[in-house]
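# Coordinate analysis (summary)
These are the residues of each chain, in order.
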Amino acid sequence: MLKISPSAPLKGTVVLTGDKSLSHRAALFAALVTGESRIENFLDAGVTRSMLNALEKIGVSWSLDEDVLTVHGKGLAGLTSPASPINCGNSATTMRLLAGVCAASGLSVVLDGSDGLRSRPMNRIVLPLKKMGATINAVNGQAPLVFSGRSTSTLSSASFNLEVASAQVKTCLLLAGLAADGPVRIIEPGPSRDHSERMLAAMGARLEKNVLQEFGHPAKFETILHPGNELNPIRMKLPGDFSSAAFLITAALITPGSELTIRNVGLNPTRTGLLDAFMAMGAHIDVDDKGEQNGEPYGDIHVQYSQLRGISVRGPLVVRMIDEFPTFAVAAALAEGETVVHDAGELRLKESDRIHSICKQLKAIGINIKEHDDGFHLSGNASPVGGIVEPQGDHRIAMALACAGLVSSSPIQINNPKIIHESFPEFIPTLIGLGATIG
Ligand code: S3P
């Protein structure tokens, strides 16, 4: 049980460990080239350990010295089929990205995971991979995913029109596309995070990105991989994780008197929708762009306590802040006036049903929130009262509730807080370092 008490102003400067999505990709992509890759500021957390353990199982050695990950890549052809199933833990990113690699290299392997991961939808990758020629089975479209090698020398070139924007699905198909006999084309209804495209391009892959705009229709987002280019090892320092920064930004925005600087955080525009939402709500946030590392923009974010106004969030902005709704909901609850979120049905398929978890747990601490099929409605002007909350096995719900505890009239006690270690092990020490009272 973690107890968060009403807080004094949060003040200070922090530097965060590397982005989760980039850490996953850098480790996995490094395994696909022959030679040594060196990745600085690698995130050592529950979900990235799942990826590293998986790499070991397919014959790739790595070492983690402080925050520097060295991967001895084997190339797609050098990966080996493990004798026992790979446990992807709670990490859907590990399972979905690795599935693309298993298909590309023709491994015989079973990808499995926790009960939570077994309940998440996998047909979104299983069906397209089958279409490309992979031999893969998943009962009811859920893990375990069973790959039985490949009889053909390549996978087929293919074109996919995704119903839901998803960087995990897109990346899985791009990775499978590395072994295809022609281009792989993916069209998405929203701008999902494009870290894979940026990293693969920096490694030497040939990729195209286009926005398809037909008069009278919403824009679509096209990604094409032209296979055949040899890929080079990675040398990169990863920027801090914007989705982890999101909790600290929220904490500073809602705690009166706070002033916070977060240095060297990733500012990829496909990830920073929350900044746009907060700015539209009247937040005092300044961003200093500092440049790019292997195609990934990064910089410093300065935040001050702000009286926010409610807004409406829907459409492409939802995709650009898909992981940030738990923390956004806490900030919006305290804003002046109503906030409405729509087009966010995908939140029901994350580590928990996040629409339901957000609504249930915020109600438990006295916040007026209504659940919709594809979002929620907050009345605003809330005064959270504290109490005991349950993060539903979801790291982002736990951290969002911790933020609410900073401004509740009495402490918030969070059950099973260890789940935070899945993505942001330094979260509680960082908050304490900024002045929060946490026991
Ligand atoms: C991720 C993509 C998103 C996000 C997840 C990480 C990634 O999932 O929610 O936390 O690293 O590609 P979807 O691809 O399902 O939207």
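Look up a bit, the structure's there.
Description of the structure in this document. This one's a predicted model, so the numbers in the text were calculated from it and none came from an experiment.

### Brief notes about helix 14 (residues 427–434)
Among the residues of helix 14, F427, I428, T430, L431 and L434 are the ones counted as buried. In an axial view of helix 14, the angular spread of the buried residues amounts to 160 degrees, which keeps them on one side of the axis. Turning to helix 14, the residues buried within the fold contact strand 1 (2–5), strand 2 (11–15), helix 8 (242–254), strand 15 (259–266), helix 13 (395–405) and strand 24 (437–438). Directly after helix 14, the chain includes G435, whose backbone phi takes a positive value near 120 degrees.

### Some details on the site of the ligand
Taken together, K20, S21, R25, T93, S166, A167, Q168, R193, D323 and K350 form the complete shell of residues around the ligand. K20 has a polar side-chain atom sitting 3.4 Å from an oxygen atom of the ligand. The side chain of K350 places a nitrogen or oxygen atom 2.7 Å from an oxygen atom of the ligand. Of all the secondary-structure elements, those providing two or more residues to the shell around the ligand are helix 1 (20–31) and helix 6 (167–177). The element contributing the most residues to the shell around the ligand is helix 1, with three residues. A class-by-class count of the residues in the shell around the ligand yields one nonpolar, four polar and five charged.

### Some remarks on the packing of helix 3 (residues 92–105) against helix 6
Packed helices, taken two at a time, are described by the angle their axes make and the gap between the axes. One way to put it is that helix 3 packs onto helix 6 with a least axis distance of 7 Å and a crossing angle of 20 degrees. Put simply, helix 3 runs roughly parallel to helix 6. Of the two elements, helix 3 crosses helix 6, and the hand of that crossing is right-handed. Residue-level contacts link A92, T93, R96, L97, A99, G100, V101, A103 and A104 of helix 3 to Q168, T171, C172, L175 and A176 of helix 6. In the contact of helix 3 with helix 6, the residues fall into nine nonpolar, four polar and one charged.

### Things to note about the sheet that holds strand 22 (residues 387–389)
Taken in spatial order, the four strands make up an open sheet running 22-23-1-24, and their pairing is mixed. Looking along the sheet, the strands with just one partner apiece sit at the ends: strand 22 and strand 24. Where strand 1 and strand 24 come together, two bridges link them in antiparallel fashion. If you follow S5 over to strand 24, its bridge partner there is T437.

Calculation notes
Residues numbered from 1 in each chain as written. Predicted model: local features only at pLDDT ≥ 70, side-chain atom pairs only at ≥ 80, totals over all residues. Heavy atoms only, no water. Buried < 20%, exposed > 50% of the residue type's maximum accessible area, 1.4 Å probe, protein only. Helix = DSSP H or I, 4+ residues; strand = E, 2+ residues; numbered from the N terminus. Arc of directions from axis to C-beta. Contact = heavy atoms within 4.5 Å. Near = heavy atom within 4 Å. Polar contact = N/O pair within 3.5 Å; in protein donor to acceptor, adjacent residues only side chain to side chain. Nonpolar A, V, L, I, M, F, W, Y, C, P; charged D, E, K, R; others polar. Axes fitted to C-alpha atoms, helices over the stretch in contact; angles between N-to-C directions. Parallel < 35°, antiparallel > 145°, perpendicular 65-115°, else oblique. Left-handed = near helix turned anticlockwise from the far one by under 90°. Pairing = 2+ DSSP bridges.

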